[in-house]
Amino acid sequence: MYQSFFSNVKTYSAYIDKHQGFNSPEPIPNIEGWTVWKMEQTEIYKITHNLELTNPEHQLHIIATPMNANTILIIDSVASNEFTISTWRSDSGRLDDRFTTASSFTFIAVQKLSC
């Protein structure tokens, strides 16, 4: 029996401003139960959610795109109720030529509903 890929996933997306959640966790608009917190750092964004994942690396796939030129985003970790994104500036586009920087970004997180 054919089953659509889209019936087995749930998608979340958001725009995160580079100043959002600097002093404390701040709700992400239009995604109930999700927050962003920079933990008073300019380059580390901790996104918390309420998905209660049991196998995070296989259940949640994240794509993030920076809003600044010469910026690289790295998904540092994915856990049962959070993931962390760091932002790096690289004038050459290479990872060995980088330094931390604040950047607004968008993300899409795709949750696989059954593994």
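Residues numbered from 1 in each chain as written. Predicted model: local features only at pLDDT ≥ 70, side-chain atom pairs only at ≥ 80, totals over all residues. Heavy atoms only, no water.

**Considerations on the overall build of the protein**
Check the secondary structure of the protein and you find 1 helix and 9 strands. The buried share of the protein, taken over its 115 residues, is 35%. Long-range contacts, defined here as pairs at least 24 residues apart, represent 51% of the contacts in the protein between residues at least 6 apart. Only carbon and sulfur atoms are counted for the fraction: they give 52% of the accessible area of the protein, which is about 6,900 Å². (Helix = DSSP H or I, 4+ residues; strand = E, 2+ residues; numbered from the N terminus. Buried < 20%, exposed > 50% of the residue type's maximum accessible area, 1.4 Å probe, protein only. Contact = heavy atoms within 4.5 Å. Areas by Shrake-Rupley, 256 points an atom, 1.4 Å probe, with all protein chains shown as cover.)

**Topic: the sheet that holds strand β1 (residues 9-16)**
As summarised here, the arrangement of the 3 strands in space is β1-β9-β5, forming an open sheet in which the pairing is antiparallel. The sheet terminates laterally at β1 and β5 (60-66), the two strands that pair on one side only. Here the strands of the sheet are splayed against their neighbours by 15 degrees on average, with no regard to which way each runs. As judged from the 8 bridges shared by β1 and strand β9 (residues 105-112), these two strands associate in the antiparallel manner. The partner of S13 across the bridge, within β9, is I108. (Pairing = 2+ DSSP bridges. Axes fitted to C-alpha atoms, helices over the stretch in contact; angles between N-to-C directions.)

**Digging into the packing of aromatic side chains**
Summed over all chains, the structure comprises 5 aromatic pairs. Relative to F107, the ring of W34 lies with its centre 6.1 Å away and its plane at 10 degrees, an arrangement referred to as stacked. Here F107 lies in strand β9 and W34 lies in the loop between β2 (26-27) and β3 (35-37), a separation of 73 residues in the sequence. On the accessibility criterion, W34 (1% relative accessible area) is buried. Residue F107 is classed as buried on the basis of its relative accessible area, which comes to 1%. Ring centres of F83 and F107 lie 5.6 Å apart, and the angle between their planes is 80 degrees; this geometry places the pair in the edge-to-face category. Pair noted here: F83 is in strand β7 (residues 82-89) and F107 is in strand β9, with a separation of 24 residues, a long-range link. Residues F83 and F107 agree in their burial class; the two are buried. (Phe/Tyr/Trp six-rings, centres within 6.5 Å; stacked < 30°, edge-to-face > 60°.)

**Details of the nonpolar core**
Grouped together as the largest cluster of nonpolar side chains are 19 residues, with contacts concentrated most on I16, I28, W34, I47, F83 and F107. Contributing elements (two or more residues each) for this core: β1, β4 (44-48), β5, β7 and β9. (Core = buried A, V, L, I, M, F, W, Y, C linked by side-chain atoms within 4.5 Å.)

**With respect to the pairing of β9**
Every second residue of β9 is oriented toward a common face, the buried set being F105, F107, A109 and Q111 and the non-buried set T106, I108, V110 and K112. Examined bridge by bridge, β5 and β9 share 7 bridges and lie antiparallel to one another. Residue I63 lies in a different strand from β9, and its bridge partner there is I108.

**A look at the pattern of salt bridges**
Throughout the structure, instances matching the rule amount to 1 salt bridge. For K46, the salt bridge is made with E82, and the minimal N-O distance between the two is 3.5 Å. Taken together, the residues K46 in strand β4 and E82 in strand β7 connect sequence positions 36 residues apart. E82 sits in the partly exposed class, given a relative accessible area of 26%. (Salt bridge = Lys/Arg side-chain N within 4 Å of Asp/Glu carboxyl O.)

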